[in-house]
Amino acid sequence: MLFHSFSFLLFFPLVTGMYFLIPKRAKQLWLLVTSYYFYMSWNVQYGCLILLVTAIGYGGGLLLAQNKVRQGKRCLAVLTGSVLLCVGILFFFKYSAFAVQNINELLRAVGSVRALRVPDLILPVGISFYTFQTIGYLIDVWKGKTEAEKSFLRFALFVSFFPQLVAGPIERSSSLLAQLREPAEFNYDRVKDGLLLMLWGYFEKMWIADRAAILVDQVYQDYRNYSSGMLVFATVLFAVQIYCDFGGYSHIAIGAAQVLGIRLMDNFRQPYFAVNCREFWRRWHISLSSWFRDYLYFPLGGSRGSSGRTAVNLMITFLVSGLWHGAGWHYVVWGAIHGSYQVAGRGIRYVSETAQKRLPEKKIRFFSEKTQGLTRAARICVTFILTDFAWLFFRADHLGRAVAMLRRIVQNGNWLGQFTDGTLFGMGLCRLEVYQLAFAIGVLLVVDILHESGISIRAWLAKQVLVIRWSIYMLVLLGFVVLLLQNYGRAAAEFLYFQF
């Protein structure tokens, strides 16, 4: 059941209405039942899988809590066993086919005529998200950061809560479990704010991401027939697409949870305004970035060791992050590129700090005051170019295609021809739809600039007089209805991060 499908537009009001009407003691059970229904609407067998992961997390947490000495060998064995079971399930469904394919490649390379059968498995949606959320819970219980949950019903809801089940945010147990213990009552302002956030997410997904995807897919599927300029254009447009696709999902999820009285963590904070790649990962997919930081990078040693050891820790973290996103070498290369950015960034910061110490303080103050705005704009542009270069590997179907596209960009040399001969208007969108997409991207840019400046559109709306406020609400709602009518009869496009 997709967020932007008509079935969800019937499902969510029913779930919400019943949630606030039924007695408090029944609210958790109602959310659990509806969350399982939401997940099993893709495939009934998914319910068995998420129940298995839930049982591992719940049982492991109780066993960890029984051992008073949390750092003891027995406790560590329980943690290791529980985490390995979760990782094993994830590996089986997501990476077993990839592993067998690479083993067969090695066998062919050494001259073997035998080959292993590649398993034909359907990747369950959201499996990477709820297994990571369960693993985070187990580690937090082991470290004593959170208490083991004694209620199986509540823990099952923690794992399966439908707004963030299939694409995050990856919530921490200390935050989400505490909120699930005390169901919220109906609050008009909170519900209204959550619905507005959902509408913004729908705008990002349906008006920008889905339309941009048509152009991007056309170019990437038939890249040999497009010029250097069009390939670069499609890659830049993909940066917008994936931001609005995943950001749209996150905003709908956070808004839906807010309607139900649950506060989920922010997952995006204007990532393309980052001034370096380190800051980009503090703004992009924040729940996953912080998960890898806390549960992989820090345990590896973080930046506490030598520069060489820190570089190794960064590369391991980003290689694993790349592999988490997909079972393919192009994802691994994408992670390696971002890991290299982090290592290079540390070196640049060291050189910069050393140089600043040697310059007179007055000169530093003069340059920082005179060129601050220009320098920041230049750094944002450079960071976006570096990020977008990496996105090409992320979007390509496989590593060979990514390399071939890069080669064509360098060798073709035609940069403007296909923008002036009408090619752009024959790639799946009519002229009006292309203009609508450009306008929508402009709206997105303005809103992100306002948010970057600390101005909240929803907070501004709340301060307006009733007539102005509701006039804007009605216009937004009308736009949403028009968007639904335009998409009526079309198959709803899945969110990109469902495949991860």
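Above: the structure in question.
Bear in mind the structure is a predicted one, so any value in this text is a computation, not a measurement. Sequence order as written defines residue numbering, which begins from 1 separately in each chain. In keeping with the predicted nature of the model, local features appear solely for residues at pLDDT of at least 70, side-chain atom pairs appear and are counted solely at 80 or more, and the whole-chain, interface and lining totals rest on all residues. Excluded from the side-chain calculations are hydrogens and water; all other atoms, namely the structure's heavy atoms, are used.

The next thing to look at is the layout of surface pockets. A 1.4 Å probe that fits into a set of points on a 1 Å grid over the protein atoms alone but cannot get out defines a cavity; an open set with protein on both sides within 12 Å along at least five of seven lines defines a pocket, and lining residues are those with an atom within 4 Å of a point. Grid points are joined across faces, edges and corners, and a volume is the space filled by probe spheres set on the points. Here the largest pocket defines a volume of roughly 1300 Å³. Lining the largest pocket are 43 residues, with Leu 196, Trp 200, Val 447, His 451 and Ile 457 sitting closest to its centre. Strands here mean DSSP runs of E at least two residues long; helices mean DSSP runs of H or I at least four residues long; both are numbered from the N terminus. Considering each element in turn, the lining of the largest pocket owes the most residues, nine residues, to helix H9 (residues 188–221). Grouping the constituent residues of the lining of the largest pocket by class yields 26 nonpolar, ten polar and seven charged. Note on residue categories: nonpolar means Ala, Val, Leu, Ile, Met, Phe, Trp, Tyr, Cys or Pro, charged means Asp, Glu, Lys or Arg, and polar means any other residue, Gly included.

Given two aromatic rings, one states the distance between the centres and the angle between the planes to describe the pair. Pairing of aromatic rings covers Phe, Tyr and Trp, the last counted by its six-membered ring, and requires centre-to-centre distances within 6.5 Å; plane angles under 30 degrees mean stacked, over 60 mean edge-to-face, and any other angle means tilted. A complete count under the given rule lists 56 aromatic pairs for this structure. Between Phe 3 and Tyr 249, the ring centres sit 4.7 Å apart and the planes meet at 15°, which makes this aromatic pair stacked. Taken as a pair, Phe 3 in the segment before helix H1 (6–21) and Tyr 249 in helix H10 (residues 228–259) lie far apart in primary sequence, 246 residues in all. With 6.3 Å between their ring centres and 25° between their planes, Tyr 272 and Phe 280 make a pair best called stacked. Cation over ring: Lys 94 sits above Trp 324, and NZ or CZ is 5.1 Å from the ring centre. Whether a charge sits over a ring comes down to the Lys NZ or Arg CZ being within 6 Å of the ring centre and within 35 degrees of the ring normal. Between the NZ or CZ atom of Arg 431 and the centre of the ring of Phe 425, over which it lies, the distance is 4.0 Å.

Bringing the pattern of salt bridges into the picture now. For this analysis, a salt bridge means a side-chain nitrogen from Lys or Arg found within 4 Å of a carboxyl oxygen belonging to Asp or Glu. Enumeration according to the criterion identifies 14 salt bridges in this entry. Taking the shortest distance from any N to any O, the salt bridge between Arg 181 and Glu 149 comes out at 2.9 Å. Pair noted here: Arg 181 is in helix H8 (residues 173–181) and Glu 149 is in the loop between helix H6 (127–143) and helix H7 (152–160), with a separation of 32 residues, a long-range link. Using a relative accessible area of 3% as the deciding quantity, one classes Glu 149 as buried. Between Glu 452 and Arg 283 there is a salt bridge; the shortest N-O distance is 2.8 Å. A residue pair is termed long-range when its members are at least 10 positions apart, and Glu 452 in helix H18 (residues 431–452) and Arg 283 in helix H11 (residues 277–283) qualify at 169 residues. Accessible area is worked out with a 1.4 Å probe on protein chains only. A residue is then buried under 20% of its type maximum, exposed over 50%, and partly exposed in between. The class for Glu 452 is partly exposed, based on a relative accessible area of 26%.

So, about the packing of H10 against H18. Across the interface, H10 lies against H18 with an axial gap of 12 Å and an inter-helix angle of 65°. Taken together, the axes of H10 and H18 are roughly perpendicular relative to one another. By crossing handedness, the relation of H10 to H18 is classed as left-handed. Side by side, H10 and H18 meet where Leu 237, Val 240, Tyr 243 and Cys 244 of the first sit next to Ile 441, Leu 444 and Asp 448 of the second. Lines are fitted to the C-alpha atoms to define the axes, a helix being fitted only along its stretch in contact, and any angle between axes, read from their N-to-C directions, falls within 0 to 180 degrees. Angles below 35 degrees are treated as roughly parallel, those above 145 as roughly antiparallel, those between 65 and 115 as roughly perpendicular, and all remaining angles as oblique. Crossings are assigned a handedness: left-handed for a near helix turned anticlockwise from the far helix by less than a right angle, right-handed for a clockwise turn. Should any heavy atoms of two residues lie within 4.5 Å, those residues are counted as being in contact.

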